[in-house]
Amino acid sequence: MTDKHSLPSFDALRAFDPEIAGAIDDETARQTEKLEMIASENIVSPAVMEAVGSVMTNKYAEGYAHRRYYGGCKFVDVAEDLANERVRELFNCKWSNVQPHSGSQANQAVYFSLVQPFSEGGKKIPIMGLHLNHGGHLTHGSPVNVSGRFYDVYPYELNMDTGRINMDAVVKTAREIKPRLIMTGASAYPRFWDFATFREIADEVGAWLVADIAHFAGMVATGLHPDPLPHCHAVTSTTHKTLRGPRGGLILSDYEGGEILLENMPKAKTVTDAIDSVTFPGLQGGPLMHVIAGKAVAFKEALKPEFKTYIEKVLENATTLADELVRRGFKLVSGGTDNHLMLVDLSPKGLTGKASETALARAGIYTNKNMVPGDRKSPFVTSGIRIGTPALTTRGMGADEMKRIAGWIEQVLSDVEDKEMHRALREEVRELASAFPHFAW
Ligand code: DSN
């Protein structure tokens, strides 16, 4: 990768495994010629790609830096130390664990550290999290996830009139059920989180407070979203969304308390000790050192002033797109956005998320179907689509492009069955996409 706009040539792969090389070529074309508007996706830099594609994938390093179960870890320790130093500087916090393979595993590590699954005679312990249908994540207590299977979940919801979290209902439920943990953060919630108020509620009822900032980590890192660290006992994130790093997870904390009473964690003296032990060896084996190296590179990038400029543009683009969609008659949950995403409620137009996602993809615009508050359709159909601006902003697109895209979205959704119209638009989409290089920065 000599030219900053070039992609790796994959010569060895192409010679040995043309089928996989072909799939990568096709995926490259999809990413470069179409518009990626899935709110949780982004485009990593060539430097991150090189670190993730490096020889660090060959190394076993069970344990933590300088405390490993394998020899030869001197250089992977350098990568893990740098990843931790940089992420602590980025979020201005004292403790981190960069080993979770994913956001889901980061959340599991925190749950199992703070709240005993199935304890107290097999009785499940109550926790609270935002309902999946109201923007919450699968791992925030959905019945099909371990978070919903191992705990007694009392989900909180949005106020149907305002599209914002119903804090009155949060307080009421918390007082009634006395959850041991309250999860904040979401996958499809376009507004800021009031972590200070959640902490007051958590303190009143004796709950741990956790924030999953996977979606808006880039905004927290740049001071463009309220900071959960002063209020939450633990903060989890992925590294690949607005943080623009490789696919993976992390856990942060500034909490130094030690009142941890876990039956299976006799040696853990503090919450962060317990989280380390549950992450490894509790849940994971060898850390993905190539990904940790890539995380370190991404954190270095995020510490640069240019990253704050990028996040400001992500937010500007989201606001422009949201305003433009509202102007064109679309209903957005909560009426707009404070962050990088918006949730379009298509029920007034009589459309499903599924048909809309398919029609937009046919035109080369990728979004995802999403439940909206009060949705009567199944998660496979839904009444909404979620749209985000992080990836297109990485490519250098701005307000003019957002306005043009809003027009295309309106046109496609004016007739989700008109395949010919969608295919014709795809050519215009390709022309726009081709003007904005994939590795634009
Ligand atoms: N699946 C991710 C998202 O799209 O929001 C969250 O894990």
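Structure's up top.
The rules behind each value
- Residues numbered from 1 in each chain as written.
- Predicted model: local features only at pLDDT ≥ 70, side-chain atom pairs only at ≥ 80, totals over all residues.
- Heavy atoms only, no water.
- Pairing = 2+ DSSP bridges.
- Helix = DSSP H or I, 4+ residues; strand = E, 2+ residues; numbered from the N terminus.
- Contact = heavy atoms within 4.5 Å.
- Axes fitted to C-alpha atoms, helices over the stretch in contact; angles between N-to-C directions.
- Polar contact = N/O pair within 3.5 Å; in protein donor to acceptor, adjacent residues only side chain to side chain.
- Left-handed = near helix turned anticlockwise from the far one by under 90°.
- Near = heavy atom within 4 Å.
- Areas by Shrake-Rupley, 256 points an atom, 1.4 Å probe, with all protein chains shown as cover.
- Salt bridge = Lys/Arg side-chain N within 4 Å of Asp/Glu carboxyl O.
- Buried < 20%, exposed > 50% of the residue type's maximum accessible area, 1.4 Å probe, protein only.
- Arc of directions from axis to C-beta.
- Phe/Tyr/Trp six-rings, centres within 6.5 Å; stacked < 30°, edge-to-face > 60°.
- Lys NZ or Arg CZ within 6 Å of the ring centre and 35° of its normal.

**What to know about the sheet that holds strand β12 (residues 341-345)**
Inference 1: Reading across from one edge, β11-β12-β15-β14 is the order of the 4 strands in this open sheet, with antiparallel pairing throughout. In the strand order of this sheet, the two ends are held by β11 (331-332) and β14 (368-370), each with one partner.
Inference 2: In this sheet, β12 lies alongside β11 in antiparallel orientation, the contact comprising 2 bridges. If you follow Leu332 over to β12, its bridge partner there is Val344.
Inference 3: Those strands touched by helix α12 (residues 305-327) are β11, β12 and β15 (384-388), and its axis lies near 15 degrees from that of β12.
Inference 4: Most of the contacts of helix α13 (residues 353-362) go to β15, to which it runs at about 45 degrees, and overall it touches β14 and β15.

**Overview of unusual backbone geometry**
Inference 1: Backbone torsion omega between Phe280 and Pro281 reads 10 degrees, so that peptide bond is classified as cis.
Inference 2: Among the structural elements, Pro281 can be located in helix α10 (residues 271-283).
Inference 3: At Arg244, a position not held by glycine, the phi torsion is positive, near 60 degrees.

**What about the side chain of Asp375?**
Inference 1: Topologically, Asp375 is positioned in the loop between β14 and β15.
Inference 2: A polar atom in the side chain of Asp375 sits 2.7 Å from the side chain of Ser383.
Inference 3: Once residues within four sequence positions are removed from consideration, Asp375 is found in contact with Asn370, Thr382, Ser383 and Gly384.

**Thoughts on the sheet that holds strand β5 (residues 126-128)**
Inference 1: One open sheet accounts for 7 strands, arranged β4-β10-β9-β8-β7-β5-β6; its pairing is mixed. Single-partner strands in this sheet number two, and they are β4 (95-97) and β6 (152-153).
Inference 2: Sheet analysis places β5 next to strand β7 (residues 181-184), joined by 2 bridges and oriented parallel. By the bridge assignment, Met128 is partnered in β7 with Ile182.
Inference 3: Here helix α5 (residues 103-114) sits on the sheet in contact with β5, β7, β8 (208-212), β9 (234-238) and β10 (249-253), set at roughly 160 degrees to β9.
Inference 4: Sitting on the sheet, α10 touches β4, β8, β9 and β10, and the angle it makes with β4 is about 10 degrees.

**Observations concerning the packing of helix α4 (residues 74-91) against helix α11 (residues 289-302)**
Inference 1: Where α4 contacts α11, the two axes come as close as 8 Å, and the packing angle between them is 35 degrees. As α4 runs across α11, the sense of the crossing is left-handed. In this structure, α4 uses Val76, Ala79, Glu80, Leu82, Ala83, Arg86, Val87 and Leu90 to contact α11, whose residues at the interface are Met289, Ile292, Ala293, Ala296, Val297, Phe299, Lys300 and Ala302.

**Here's the deal with the site of the ligand**
Inference 1: The ligand sits among Ser40, His137, Ser187, His215, Lys241 and Arg386.
Inference 2: Here an oxygen atom of the ligand sits 2.7 Å away from a polar atom, N or O, in the side chain of Ser40.
Inference 3: Within the side chain of Ser187, a nitrogen or oxygen atom sits 3.1 Å from an oxygen atom of the ligand.
Inference 4: Taken by itself the ligand offers 230 Å² of open surface, and the protein chains cover 64% of this.

**Thoughts on the pattern of salt bridges**
Side chains carrying opposite charge are able to pair once their charged atoms draw close together.
Inference 1: The full count for this structure, using the stated rule, is 16 salt bridges.
Inference 2: Between Asp77 and Arg68 there is a salt bridge whose closest N-O contact spans 2.7 Å. Arg68 shares its class with Asp77; the two are buried.
Inference 3: Here the salt bridges share partners, and the residues they tie into one network are Glu324, Arg327, Arg328 and Glu410.

**Regarding helix α8 (residues 195-205)**
Inference 1: Of the positions making up α8, those classed as buried are Phe195, Phe198, Ile201, Ala202 and Val205. Buried positions in α8, seen along its axis, are confined to an arc of 120 degrees and lie on one side of it.
Inference 2: Close packing links the buried residues of α8 with α7 (167-177), β7 and β8.
Inference 3: Looking at the residues trailing α8, positive phi occurs at Gly206, about 80 degrees.

**Notes on the packing of aromatic side chains**
Inference 1: Here the structure, examined in full by the defined rule, presents 11 aromatic pairs.
Inference 2: Measuring from ring centre to ring centre gives 5.4 Å for Tyr189 and Trp193, while their planes differ by 65 degrees; the resulting arrangement is edge-to-face. Judged on exposure class, the residue Tyr189 and its partner Trp193 are both buried.
Inference 3: An aromatic cluster is built from Tyr111, Phe112, Phe150 and Tyr151, whose rings are joined through pairwise contacts.
Inference 4: Sitting over the ring of Phe330, Lys349 keeps its end group 4.7 Å from the ring centre.

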